[in-house]
Amino acid sequence: MSRILFVMLHPGFVRYYEDALAGLAAAGHDVHVAFEISRTKLREDLTAARLASASPRITCGTTPERGESVRDFLARADRSATRSGEADRGGGGRAEAFESLATTVRLLLDYLRFFEPAFAGAAALQARAAKRLPRAYRSLVAMAAAAGGPGRAALSRVLRLLERVIPVPEAIDEFLRAHRPDLLLVTPLVELGSQQVDYVKSSRHLGIRSVLCVASWDNLTSKGLMRVVPDHVIVWNEAQKSEAVALHGAAPSQVVVTGASLFDRWFEATPSRSRLEFCGAVGLDPSRPFVLYTGSSIFIAPDEVPFVERWLSTLRESPDPVLASAGVLLRPHPANARQWRTFDRAGFANAAIWPPIGTDPNHPDFRRDYFESLFYSAAVVGINTSAQIEASIVERPVLTIRAPEFAHSQDGTLHFRYLVGDGGPVRAADTFDAHLEQLREALSAGGPDPHRSREFVRAFIRPHGLDVPATPAFVEAAGTLADAAPPAPRPEPVWVIAMRPLASVAARAARLLAEDRPLWVYALRPVLTALVRIASVTVRTRTTVGGVFQTGAKRLRRLAWRAFYESSRTMGRARRRVNKPIARLGRYVGSVARRAIRRGV
Amino acid sequence: MSPVLTIPIGARLVEASRPGAATPGAFSVDVLATLARARQRGRAACLLASPGVPAVTCDVVPVVDAAGVTAAWVAAWLRVASAARRAAAWRRQTVASVWSELHRELRRQAGDPRLPASVRERVRAAARAALARAARRDADAAGRFPRRALREPLQVRLSPEVEPAVRTVAAGREEAIAAVETGDPRRDSALAVAAAALQDAGLRVVRLGRASQPADAGAGADVWLNDLAVLRQARLVICESAAWQHAAYLTDTPSLRVNAPEPFSAYPVRANGVFTLRQAIDLDSGRVLAPADQLKPSYLRNLRNHGHRDTPPEQVRDAIREMLADAAGEPAESAAQRRFREAVVAAGPDAAAAMPPLRAWSADDGFIGDGRLARCQADGLQ
């Protein structure tokens, strides 16, 4: 069977493809999952370890280390940070310089896309992309955007040309050669400034089939561009297919629709305990229906708690006794749970936060609790989150309120329209009063039409039919692509290689400009470096000369001492040598004299 | 704060300014600072009116009527002064930025392990000196909140021309009223609690702010007049933003500020001012920080790691009771409240270093204010 290499940004993406990877392994494919960066924020490392232990055909590892990751690039651009000791690393090597250029070009392309007419109301998405870009480039993009469509197109062409000229790091080519995969899968590829483009480029040169697996419903509209379109794109549904074609330039024939394998488990799940037991565990009154509030990510809802407190107060003040006394289960988004520590539950009766803040999302009970929270709820409320899709699968009424503080992340994003637009499962209200009316209807016996939810789920999650799970479709699609004949290697054209010395200069400039400093600093830097070097040379010279003199004087002193010492010893020996016969003569004279005296006497 | 200039008008010198029209708080602070300086120097004051804000007079300081040629003369002076101020601010900011960048460059060089130790030490010292210069320039740029100038109440009156309009606006409000800020409709729970508590105490609650004008305000009535009329008549004002507490200084109305983000900017200048701090929560551990902890640089440097909760309703109610009791007699400061005030004064320099925007709000020559933290919060301190 085939060898498949799956490059993921971090282990957090495993959860999107857990079942699909198991399916590929079960189908006899050898799958190696390589992570670009490690992430332990939500204990994703455990997910990777669990995946590796699931099947001997699945292995996990890391991708080659980058000269400069996107994270490093962004850290270097942090103006508020003062770093010591970068003087010697300022220029970096050629490879690092090209990494900087690559990240700059990709961030520029990503920022530029949010000036397209399709993103007219997406100011927050544009601001998020701008924040990652060094300031020197923002005015460049603004100028191109001001020139309208032709300006944007011209800049985009230049940037895409640069992208082609930027060489793929040698380590990545070697990594792909070493694994010799029949199929390369990448996800998410569209993160702002993503370096996964290099894997797609490398696979083209080496003749390896590449596929982008679109992980989530917002990936093609709220993040960056593909920049280099892989051979194939696997998407959830027709809507994403249209996005891939219209917004990313993929050919319709390149796009494969499989459904969302991530949600297959929701169709089969059953509760493991009764409603009574569940309500007892979470701390809600089992005799009342409860509304599940599903929290959103930090970009969508940075200040969610004050909104929820207001919503809850409004609910409690409702004249309708059913609404006023309904239970409320608050479920923070796992990556945005910290802010919920400020929520004061004491002010609200029959309300609970579940699971408790800090619960490990990899714990087996976590998913079970989540399913049961949805299953036993009478209605689900949220701002803009994938939990609203999951609630639709479980066929619960789903509601949202258009709040001014979340305008940037509701109507300011394209994917929200799938929830609330025609055929969307979510009923949106512009005011609290309208929302309470909708909620009252949802809690009443009839509730909204479940047909609407089913239609949405069929179109969005299981496009091949409600009874056709997406995981086998994904496994089949990936298997077919892996078994197909590999594409012919596409070596770099000569003009690309000829342009590289020029690009090298641009790369050096990009490396410097990534620091996001005022331009005069770059002019001052050589002067300052020269001054410091001169000071350094002066100090070294002084030290050396001083050392020489010091050593010389010491030697002379030692020589003199030795000469004195040696001479004094020689003199002593000579003296003793002379003294000996004299003493002997004295003793002889003495003894002769003593004998003469004795005889004479 | 608008600049106060000494300008010759005819044969005499006057203290002149154009009170800010952005918020009633800015207006109040500018008016009071100008009058206080004029009183201190024994001169008259000249307050150049902006469109939409009322003219004022004062019982203790003569106020020159700025109209016609005089107004044009004063406006020209103020315009030039304002331009000069902006230019100076730009220059200070630019110089501070240059020193700051130089600091970074020198630090970058100082970390080069190939350099001799003595050179690295000297470069490091130069970097420190550059940073100190940048910080000094920043400090120069930050104006200081004129706490001392606002300390003494001045008998400020709206000019006779507008008094009838005020009377019209205030008509029918002879009974005791309390002014409550309308606030942000997205999070007004503390103000709602306060309004309910005031009503329980028998006061009629009137909302302050452009968002909620009294129903009896005439179509052409000026919103500034409405707010000032309400403030003048109110027995106390409850607010969440600094602007309304500052506005209360103009009419010398007792004020309670709830949910103050930190004690430095919120510390009331007048003895009839009280404030409560919102609760700070450590987002890692969930621990609720005591007010004294909110004075520490470790907290101010790490605000992103802390969330906040509104002042609890019972504390809001306690603070209102304290205010009402004080209104009946002389405001009394407890030992705990005094200790907290002293701690705020002492913590000012460290706090300003940790969070430069606080520099403008720290003690003015050792004076932070005669007001106090609500007793219910202060008594919990060591």
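Because the structure is a prediction, the values reported are computed rather than measured.

S.K.: Tell me what's going on with unusual backbone geometry, and back it up with residues and numbers.
M.R.: For residues other than glycine, phi is negative in most cases, and the peptide bonds are mostly trans. Residues and elements named next belong to chain A. The amide bond that connects Thr187 to the next residue, Pro188, takes the cis arrangement and shows omega of 5°. The amide bond that connects Trp354 to the next residue, Pro355, takes the cis arrangement and shows omega of -5°. Residue position: Pro355 is located in the loop between strand 10 (351-353) and helix 16 (364-376). Notably, Asn350 is not glycine yet its phi reads approximately 55°, a positive angle.

S.K.: Lay out the state of the cysteines in plain terms, naming residues and giving numbers.
M.R.: The tally for this structure, following the rule as stated, stands at zero disulfides over all chains. The structure places no disulfide on Cys60(A), whose sulfur is separated from the nearest cysteine sulfur, that of Cys213(A), by 15 Å.

S.K.: Report on the interface of chain A and chain B, specifying residues and quantitative values.
M.R.: Across the contact, 35 residues belong to chain A and 34 residues belong to chain B. Between chain A and chain B lies a buried interface of about 3100 Å² when both sides are counted; carbon and sulfur atoms form 53% of it. Of all residues in chain A, the largest losses of buried area upon contact with chain B belong to Arg338(A), Arg341(A) and Arg517(A), amounting jointly to 19% of the total for that side. Linking chain A with chain B are six salt bridges, by the criterion used here. Taking the shortest distance from any N to any O, the salt bridge between Glu101(B) and Arg517(A) comes out at 2.6 Å. Counting across the chain A and chain B interface gives 11 residue pairs in polar contact (both at pLDDT 80 or more). Of all the elements, helix 23 (residues 519-600) of chain A adds the most residues to the side of chain A that touches chain B, at 12 residues. When its residues are assigned to classes, the side of chain A that touches chain B shows 12 nonpolar, eight polar and 15 charged.

S.K.: Quick rundown of a positive patch on the surface? Include the residues and the values.
M.R.: Side chains of Arg569(A), Arg573(A), Arg575(A), Arg576(A), Arg577(A), Lys580(A), Arg584(A) and Arg587(A) sit close together on the surface and give a patch of like positive charge. For Arg575(A), a relative accessible area of 52% translates into the label exposed.

S.K.: Now, about the domain arrangement of chain A: what can you tell me, with residues and values included?
M.R.: Taken domain by domain, chain A comprises domain 1 (3-67 + 169-262 + 474-493), domain 2 (265-461) and domain 3 (528-601). Each of domain 2 of chain A and domain 3 of chain A has a C-alpha centre, and the two are 98 Å apart.

Calculation notes
- Here the residue numbering is sequential within each chain, running from 1 through the sequence in written order.
- Following the order in which they are written, the chains are lettered starting with A and the ligands numbered starting with 1.
- Selection of residues for local features in this predicted model requires a pLDDT of at least 70, selection of side-chain atom pairs for listing and counting requires 80 or more, and totals for whole chains, interfaces and linings are taken over all residues.
- Hydrogens and water are ignored here; the side-chain numbers use all heavy atoms of the structure.
- By definition, any uninterrupted DSSP run of H or I lasting at least four residues is a helix, any uninterrupted run of E lasting at least two residues is a strand, and each is numbered from the N terminus.
- Two cysteine sulfurs form a disulfide in these notes if their separation is within 2.5 Å.
- A contact between two residues is defined here by any heavy atoms of the two lying within 4.5 Å.
- Put simply, buried area is the surface a 1.4 Å probe can reach on two separate parts but cannot reach once they are joined, added for both.
- Here, a salt bridge means any Lys or Arg side-chain nitrogen found within 4 Å of an Asp or Glu carboxyl oxygen.
- In the analysis that follows, any N or O atom pair within 3.5 Å is treated as a polar contact, provided that within protein one partner can donate a hydrogen and the other can accept it, and provided that, for residues neighboring in sequence, both atoms belong to side chains.
- Note that Gly is not counted as nonpolar here; it falls among the polar residues with everything else outside the nonpolar set of Ala, Val, Leu, Ile, Met, Phe, Trp, Tyr, Cys and Pro and the charged set of Asp, Glu, Lys and Arg.
- Patches here: salt-bridge-free residues with over 30% relative accessible area, like charges joined within 9 Å, nonpolar side chains (Val, Leu, Ile, Met, Phe, Trp, Tyr) joined within 5 Å.
- With residues, only the protein chains shown are counted as cover, and all accessible areas are computed by Shrake-Rupley using a 1.4 Å probe.
- In this tally, Asp and Glu contribute negative charge and Lys and Arg positive charge; neither His nor the terminal groups of the chain are included.
- Note on charges: their place is set at NZ of Lys, CZ of Arg, CG of Asp or CD of Glu.
- Each residue's exposure class comes from its accessible area (1.4 Å probe, protein chains only) as a fraction of the maximum for that residue type: buried when under 20%, exposed when over 50%, partly exposed otherwise.
- Residue ranges for the domains originate in an automatic or database domain assignment.

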